[in-house]
Amino acid sequence: MALFLAASVLGFSGPGLHASASRVSASSMTATEVKVSGVARNPHMAKLVSGYLFPEIAKRRNAYLAAHPDAKLISLGIGDTTMPIPAHILSGLTGSAAKLGTKEGYSGYGAEQGVGDLRAKIAKKLYNDLILPEEVFVSDGSKCDIGRLQMMFGSALTSAVQDPSYPVYVDTSVMIGQTRMMDADSKQGQHPGIVYMPCNPANGWFPDLETMPRADVVYFCSPNNPTGAVASREQLTALVKWAKDNGSFLVFDAAYAPFIKTPGVPKSIYEIPGAKEVAIEVNSFSKYAGFTGVRLGWTIVPNELKFADGTPVRNDWNRVMCTVFNGASNIVQGGGLACLDDAGLAEIEALIEYYLGNAKLLAETMKALGFKVHGATDAPYIFVDLEGASSWDMFSKILETAQVITIPGAGFGPGGEGFLRLSAFAPREACVEACERLTKMFKK
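Nothing here was measured: the structure is a model prediction, and the numbers come from that model.

### Some remarks on the overall build of the chain
Thought 1: Scanning the chain from N- to C-terminus turns up 13 helices and 13 strands.
Thought 2: Radius of gyration (C-alpha) of the chain: 24 Å, near the 22 Å computed for a compact globule of 444 residues.
Thought 3: Buried positions account for 48% of the 444 residues belonging to the chain.
Thought 4: When contacts within the chain are restricted to residue pairs at least 6 apart in sequence, those whose partners lie at least 24 apart make up 73%.
Thought 5: Only carbon and sulfur atoms are counted for the fraction: they give 55% of the accessible area of the chain, which is about 20200 Å².
Thought 6: Across the chain, the mean location of the 40 positive side-chain charges is 4 Å away from that of the 43 negative side-chain charges.

Laid out in structure tokens, this is it:
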């Protein structure tokens, strides 16, 4: 039956297959007829009760466009960069690509950990030698590395996440098997087995460490996606101390570090004394240099970081990377090297200032309309307080009335309900137009 169905649905016919796809009606198939294999589904995938947030936004966007084909939508939604890659950085990409067309410049497989020159340049230019080049692992992006970190950690531990938070921390914890199935006793939107750290205006968007249950691995993002909150030196010092006291690891997501302009605010967890004993840091060129589609990131695993049995975490991470990753593209790493030249860093600075200008514009507009606004300072996200209104309802209302795409806070966890995230990564003219539309919609 399984063979017949597979072949008929694909439109094949042959000996023993005496029906074509056109003769099989989907409505007539029974549960028995649609069974196509004996392979059991990973039960942890069934725990993911909803689709991943950003494809869901795209689905609703496409449905709206299908119903309104002439609509001129403006996206303040997903944090995807829109400005072209600057000239010097682009020359690193094109120059590396050109080398592949020469006998002398051709290169095949590279080191899984990344080009040595790039690892050294990251350590020096971005960390001021706070970390060693050998502790830098170049990759195709921090999101991918978070999934690989979960592979390394395995299912027999407890993860903690900020609430609200970037969905990948929760979803990968579920996929790897760290959670139980939701039941009647589960808090709405929360997976049993994950420690949720409430972060909201009342606690300054920073978890109450004194009452927080122990977790093996704490995922912490600053500047934060989605709230735009930025942790202070004092807060990060307390977090490192908590991790030491509890024998826990931190996974510090610093993907938005270059947006920090306030003096004294840490851009890396390794600016905190003792952090190398407890923290892994993930980062990416995506927001630095417009590499969201180019794909280049890195993870720092300090030599001092060890598992309970004394095994260096770096050893296991190296094994994971050598096993499931062939190294970042040679071409892309050439672009990364150009990013860290003085000319490249100046181009990055100009891009960051451009997007921060958008953030300021969006924040000021929403404030003028009477909303309480969080973020936008040292961060490219604006988190708008809806004062109890449904974030999905507001998403729909703004889409239908102003033809502006936003992100409902509920998509980042239960703590995000009642908020709306605006992204500053749209072109300036789009941000200006969006502000005009929102002003027309909300102004009383």
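### A look at the packing of helix H12 (residues 391-402) against helix H13 (residues 428-442)
Thought 1: Closest axis-to-axis distance for the H12/H13 pair is 10 Å, and the angle between their directions is 105°. Here H12 lies roughly perpendicular to H13, going by the angle between them. Each of Met394, Lys397, Ile398, Thr401 and Ala402 in H12 lies in contact with H13, whose residues at this interface are Arg437, Leu438, Met441 and Phe442.
Thought 2: Among the residues making up the contact of H12 with H13, the classes are represented as six nonpolar, one polar and two charged.

### Considering the pattern of salt bridges
Thought 1: By the definition in use, this model includes 14 salt bridges.
Thought 2: A salt bridge links Asp129 to Lys124; the shortest N-O distance between them is 3.6 Å.
Thought 3: Note that Lys125 is salt-bridged to Asp342, the shortest N-O span being 3.5 Å. Here Lys125 is found in helix H4 (residues 116-126), whereas its partner Asp342 is found in helix H11 (residues 342-368), with 217 residues between them in sequence.
Thought 4: Each of the salt bridges in this network shares a partner with another, and the network as a whole consists of Glu135, Lys276 and Glu304.

### With respect to the sheet that holds strand E10 (residues 381-385)
Thought 1: Reading across the sheet, the four strands line up as E9-E10-E13-E12 and stay open at both edges, with antiparallel pairing between neighbours. Whereas interior strands pair on both sides, the edge strands pair on one side only; in this sheet they are strand E9 (372-375) and strand E12 (407-408).
Thought 2: Strand contacts of H11: E9, E10 and strand E13 (419-423), with the helix running at about 10° to E10, the strand carrying the most contacts.

### Here's the deal with helix H6 (residues 167-176)
Thought 1: The buried fraction of H6 is high, at eight of 10 residues.
Thought 2: Among the residues of H6, those classed as buried are Pro167, Val168, Tyr169, Val170, Asp171, Thr172, Ser173 and Val174.
Thought 3: In the stretch just after H6, Gly177 is the one whose phi turns positive, near 105°.

### Points about the confidence of the model for the chain
Thought 1: Looking at the chain, pLDDT values average 92 and 91% of them are 70 or higher.
Thought 2: Across residues 1-24, confidence stays below pLDDT 50; counting only partners more than four residues off in sequence or on other chains, it has 23 contacts.

### Regarding the sheet that holds strand E5 (residues 217-221)
Thought 1: Across the sheet, which stays open at both edges, the seven strands sit in the order E2-E8-E7-E6-E5-E3-E4 with mixed pairing between neighbours. Among the strands making up the open sheet, the edge pair consists of strand E2 (136-139) and strand E4 (195-198). Averaged over all pairs of adjacent strands, the angle between their axes in this sheet comes to 20°, without regard to strand direction.
Thought 2: Pairing geometry for E2 and strand E8 (residues 297-300), over four bridges, is antiparallel. From the neighbouring strand, Ser139 faces E8, where its bridge partner is Gly297.
Thought 3: The strands touched by helix H5 (residues 142-153) within the sheet are E2, strand E3 (159-163), E5, strand E6 (249-253), strand E7 (279-284) and E8, with E7 carrying the most contacts at an inclination of about 150°.
Thought 4: Strands in contact with helix H7 (residues 233-246) are E5 and E6; relative to E6, the strand with the most contacts, it is inclined by about 150°.

### Comments concerning the state of the cysteines
Thought 1: In the structure shown here, the tally under the stated rule is zero disulfides.
Thought 2: The closest cysteine sulfur to the non-disulfide-bonded Cys339 is located on Cys144, 17 Å from its own sulfur.
Thought 3: Since its relative accessible area comes to 0%, Cys339 is described here as buried.

### Topic: the environment of Ala229
Thought 1: In this structure, Ala229 sits in the loop between E5 and H7.
Thought 2: Looking at Ala229, the relative accessible area reads 16%, which means it is buried.
Thought 3: Separated by 28 residues in sequence, Ala229 and Pro201 have C-alpha atoms that sit 9.7 Å apart.
Thought 4: The contacts of Ala229, once residues within four sequence positions are left out, are Trp205, Ser222, Pro223 and Asn224.

### Some points on the nonpolar core
Thought 1: Among the nonpolar cores identified, the biggest contains 92 residues, and Phe153 and Ile269 are the most heavily contacted of them.
Thought 2: Within the second largest apolar cluster, 28 residues are counted, among which are Val373, Leu422, Met441 and Phe442.

### Some words on the packing of aromatic side chains
Thought 1: For the structure shown, the criterion picks out 22 aromatic pairs.
Thought 2: An aromatic cluster is present here, built from Tyr256, Phe259, Tyr354, Tyr355, Tyr381 and Phe425 joined pairwise through their rings.
Thought 3: Taking NZ or CZ as reference, Arg119 lies 5.6 Å from the ring centre of Phe137, over its face.

### As for the environment of Val39
Thought 1: Within the secondary structure, Val39 sits in the loop between helix H1 (2-9) and helix H2 (53-67).
Thought 2: Exposure remark for Val39: the relative accessible area of 69% places this residue in the exposed category.
Thought 3: Residues Val39 and Tyr169 lie 130 residues apart in sequence; the distance between their C-alpha atoms is 27 Å.

### Points about H7
Because each turn of an α-helix spans 3.6 residues, side chains separated by three or four positions end up pointing in the same direction.
Thought 1: Under the 1.5 Å per step criterion, the end-to-end length of H7 is 20 Å for 14 residues, consistent within 8% with the ideal 20 Å.
Thought 2: Tucked inside the fold, the buried residues of H7 contact E5 and E6.
Thought 3: Looking one or two residues past H7, Gly247 carries a phi angle of roughly 65°, positive in sign.

### Some remarks on the side chain of Ser142
Thought 1: In this fold, Ser142 is placed in helix H5.
Thought 2: Ser142 gets classed as buried once you look at its relative accessible area, which sits at 10%.
Thought 3: The contact partners of Ser142, leaving out residues within four places of it in the chain, are Ala255, Val282, Asn283 and Ser284.

Here is what the cut-offs are and how they apply
Residues numbered from 1 in each chain as written. Predicted model: local features only at pLDDT ≥ 70, side-chain atom pairs only at ≥ 80, totals over all residues. Heavy atoms only, no water. Helix = DSSP H or I, 4+ residues; strand = E, 2+ residues; numbered from the N terminus. Rg over C-alpha atoms; globule rule 2.2 N^0.38 Å. Buried < 20%, exposed > 50% of the residue type's maximum accessible area, 1.4 Å probe, protein only. Contact = heavy atoms within 4.5 Å. Areas by Shrake-Rupley, 256 points an atom, 1.4 Å probe, with all protein chains shown as cover. Lys, Arg positive; Asp, Glu negative; His and termini not counted. Charge placed at Lys NZ, Arg CZ, Asp CG, Glu CD. Axes fitted to C-alpha atoms, helices over the stretch in contact; angles between N-to-C directions. Parallel < 35°, antiparallel > 145°, perpendicular 65-115°, else oblique. Nonpolar A, V, L, I, M, F, W, Y, C, P; charged D, E, K, R; others polar. Salt bridge = Lys/Arg side-chain N within 4 Å of Asp/Glu carboxyl O. Pairing = 2+ DSSP bridges. pLDDT = per-residue confidence, 0-100. Disulfide = S-S within 2.5 Å. Core = buried A, V, L, I, M, F, W, Y, C linked by side-chain atoms within 4.5 Å. Phe/Tyr/Trp six-rings, centres within 6.5 Å; stacked < 30°, edge-to-face > 60°. Lys NZ or Arg CZ within 6 Å of the ring centre and 35° of its normal. Expected span 1.5 Å × (residues − 1).

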